[in-house]
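# Structure at a glance
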Amino acid sequence: MSELHTLIDPKKIPLHVAIIMDGNGRWAQKKNLPRIEGHRRGAEIIEPIVEAAANIGIKYLSLFAFSTENWSRPADEVKALWQLLEMFFKMKLALINEKGVKIIFSGTFRRLPPTAKNVIEEAIRQTKNNNRITINFCINYGGRQEIVDAVNLWIQKRKPTEALTERKLSSCLYQPRLPDVDLLIRTSGEYRISNFMLWRLAYAELVFMNVLWPDFREKHLYLALHEYQKRERRFGGL
Ligand code: FPP
């Protein structure tokens, strides 16, 4: 375990960390490799980072794996990403389960290849009783789409003349019981939210790191946590 681990105050661990795993393509380009090789290396990093997050006491980790906007990439990259995702769940599910990891899903199954939908559903089913850490895989996910879907769901459920409140909208999101994000990490040196978890990010601390996702290691997670613990969170108060 990295020395940086000792910088972390175990009493101030964020409950919910979200990561925008950015920079796979640039990592590959820098090495003259095809972009998908960057995604493949990026997928390999997920498991050790989940393990480090669980060990340090993070209870919820949201990972942005495919956005509703990623469909606009070249068809062969999109296809390769789905294959990688299916492979990831097929190869890693037993290990994920053994480690007490619970998988949940945020996004929409609309447009998803049926084989991808099947492996995701199987992962959710097999890990539903685990409770060491919950990984919220955001796949075919868009933050605005989540809010629109929530409003539409609420309209279906509402009683006549009932008004929408924050609590009611929250209860219609993809994962109603997921807590708000405490810490958002984005890799690759870009300073953007990119339509990720807009509702849940309302009071998140944002940490942008100048490391490409395939180069992200445990020490980067500890650095982000250390930065988070230095921040004073006021939630709009004084
Ligand atoms: C951003 O890199 C990353 C993605 C669009 C997808 C993230 C996917 C993975 C980490 C691997 C697959 C996921 C699973 C769950 C197995 P980019 O392509 O936008 O990089 P760039 O900005 O350098 O081009």
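Look a little higher up for the structure.
First things first, this report covers the structure right here in the doc. This structure is a prediction, so every number in the text was calculated from the model and none was measured. (Residues numbered from 1 in each chain as written. Predicted model: local features only at pLDDT ≥ 70, side-chain atom pairs only at ≥ 80, totals over all residues. Heavy atoms only, no water.)

### A closer look at the site of the ligand
How we decide: Residues are counted as near a molecule or strand when any one of their heavy atoms sits within 4 Å of it. Each polar contact in these results corresponds to two N or O atoms within 3.5 Å; when the atoms are within protein, one needs to be able to donate a hydrogen and the other to accept it, and residues that are neighboring in sequence are counted only if both atoms are side-chain atoms. Note on areas: these come from Shrake-Rupley sampling with a 1.4 Å probe, and a residue is covered only by the protein chains present in the view. In the cavity and pocket records, a cavity denotes points on a 1 Å grid over the protein atoms alone where a 1.4 Å probe fits but cannot get out, a pocket denotes an open set with protein on both sides within 12 Å along at least 5 of 7 lines, and lining residues are residues with an atom within 4 Å of a point. The way we define it, a molecule is inside a pocket or cavity when more than half of its atoms are within 2 Å of that pocket's grid points. Only DSSP runs of H or I covering at least 4 residues are called helices, and only runs of E covering at least 2 are called strands; the numbering of each starts at the N terminus. Note that Gly is not counted as nonpolar here; it falls among the polar residues with everything else outside the nonpolar set of Ala, Val, Leu, Ile, Met, Phe, Trp, Tyr, Cys and Pro and the charged set of Asp, Glu, Lys and Arg.
Taken together, 19 residues are adjacent to the ligand, and Gly25, Arg26, Arg35, His39 and Arg73 come closest. Residue Gly23 places a main-chain N or O atom 3.4 Å away from an oxygen atom belonging to the ligand. Measuring from an oxygen atom of the ligand, one finds a side-chain N or O atom of Arg73 at 2.7 Å. Its free accessible area being 620 Å², the ligand has 92% of it covered by the protein chains. Assessed atom by atom at 2 Å from the grid points, the ligand resides in the largest pocket. Listed by contribution, the elements that provide at least two residues to the shell around the ligand are helix H1 (24–30), helix H2 (35–56) and helix H3 (75–98). Top contributing element to the shell around the ligand by residue count: H2, with 5 residues. When grouped by side-chain class, the residues that make up the shell around the ligand number 9 nonpolar, 6 polar and 4 charged.

### A look at the environment of Met91
Worth spelling out the cut-off: For the exposure calls, accessible area comes from a 1.4 Å probe over protein chains only, and a residue counts as buried if that area is under 20% of its type's maximum, exposed if over 50%, partly exposed in between.
With respect to the helices and strands, the residue Met91 is situated in helix H3. The class of Met91 is exposed, set by a relative accessible area of 61%. Separated by 76 residues in the primary sequence, Met91 and Arg167 have C-alpha atoms spaced 38 Å apart.

### Topic: the nonpolar core
Put simply, the rule reads: By nonpolar core we mean a set of buried residues, namely Ala, Val, Leu, Ile, Met, Phe, Trp, Tyr and Cys, connected to one another through side-chain atoms within 4.5 Å. Between two residues, a contact is recorded if the distance between any of their heavy atoms is within 4.5 Å.
Residues Phe89 and Ile139 are the most contacted members of the largest nonpolar core, which totals 50 residues. Every residue in contact with Ile139, bar those within four places of it in the chain, is listed here: Ala65, Phe66, Trp82, Leu85, Phe89, Phe105, Ser106, Gly107, Thr108, Leu112 and Ile120. Judged by nonpolar contacts, the second largest core, of 14 residues, contains Ile104, Tyr141, Leu178 and Leu201.

### Points about the sheet that holds strand S6 (residues 205–208)
One key point about sheets: their strands pair by backbone hydrogen bonds, in either a parallel or an antiparallel sense. Selection rule: We call two strands paired when DSSP finds no fewer than two bridges between them. Think of each axis as a best-fit line through the C-alpha atoms, taken over the contacting stretch in the case of a helix, with angles from 0 to 180 degrees between the N-to-C directions.
Read across the sheet, 6 strands follow the order S3-S4-S2-S1-S5-S6 without closing on themselves; strand pairing throughout is parallel. Every interior strand has two partners, whereas the edge strands, strand S3 (101–106) and S6, have only one. Averaged over all adjacent pairs, the angle separating strand axes in this sheet is 20°, with direction ignored. Note: strand S1 (residues 16–20) against strand S2 (residues 60–67), 5 bridges, orientation parallel. Along S2, the bridge assignment pairs Ala18 with Ser62. Each of strand S5 (183–186) and S6 touches helix H7 (residues 218–230); the most contacted strand, S5, lies at about 135° to it.

### Some details on the pairing of S6
Of the two faces of S6, only one is covered, namely that formed by Glu205 and Val207; the face formed by Leu206 and Phe208 stays uncovered. Taken together, the 4 bridges between S5 and S6 define a ladder with parallel strand orientation. From the neighbouring strand, Leu184 faces S6, where its bridge partner is Leu206.

### Details of the side chain of Glu51
Here Glu51 lies in helix H2. A relative accessible area of 19% places Glu51 in the buried class. Separated by 3.0 Å, the side chains of Glu51 and Arg132 make a polar contact. The residues touching Glu51, leaving out its near neighbours within four places in the chain, are Lys99 and Arg132.

### Side note on the layout of surface pockets
Selection rule: Grid points are joined across faces, edges and corners, and a volume is the space filled by probe spheres set on the points.
The space that makes up the largest pocket amounts to roughly 670 Å³. What lines the largest pocket is a set of 32 residues, among which Met21, Asn24, Phe64, Ala65 and Asn70 lie closest to the centre. When residues of the lining of the largest pocket are traced back to their parent elements, those giving at least two are H1, H2, S2, H3 and strand S4 (133–141). Residues that form the lining of the largest pocket fall into these classes: 15 nonpolar, 9 polar and 8 charged. Estimated volume of the second largest pocket: approximately 270 Å³. When its residues are assigned to classes, the lining of the second largest pocket shows 4 nonpolar, 4 polar and 3 charged.

### A word on the pattern of salt bridges
Where we set the bar: By definition, a salt bridge exists where a carboxyl oxygen of Asp or Glu is found within 4 Å of a side-chain nitrogen of Lys or Arg.
The final tally for this structure, using the stated rule, is 22 salt bridges. The salt bridge partner of Glu44 is Arg41, with a shortest N-O separation of 3.8 Å. Pair noted here: Glu44 and Arg41 are both in helix H2, with a separation of 3 residues, about one helical turn. Judged by relative accessible area, Glu44 falls into the partly exposed class, the value being 41%. By relative accessible area, which is 32% here, Arg41 ends up partly exposed. Between Glu121 and Lys117 there is a salt bridge, and its shortest N-O distance comes to 3.3 Å. In this pair, Glu121 and Lys117 both sit in helix H4 (residues 114–127), 4 residues apart, roughly one turn of the helix. Overall, Glu121 belongs to the partly exposed group, its relative accessible area being 34%.

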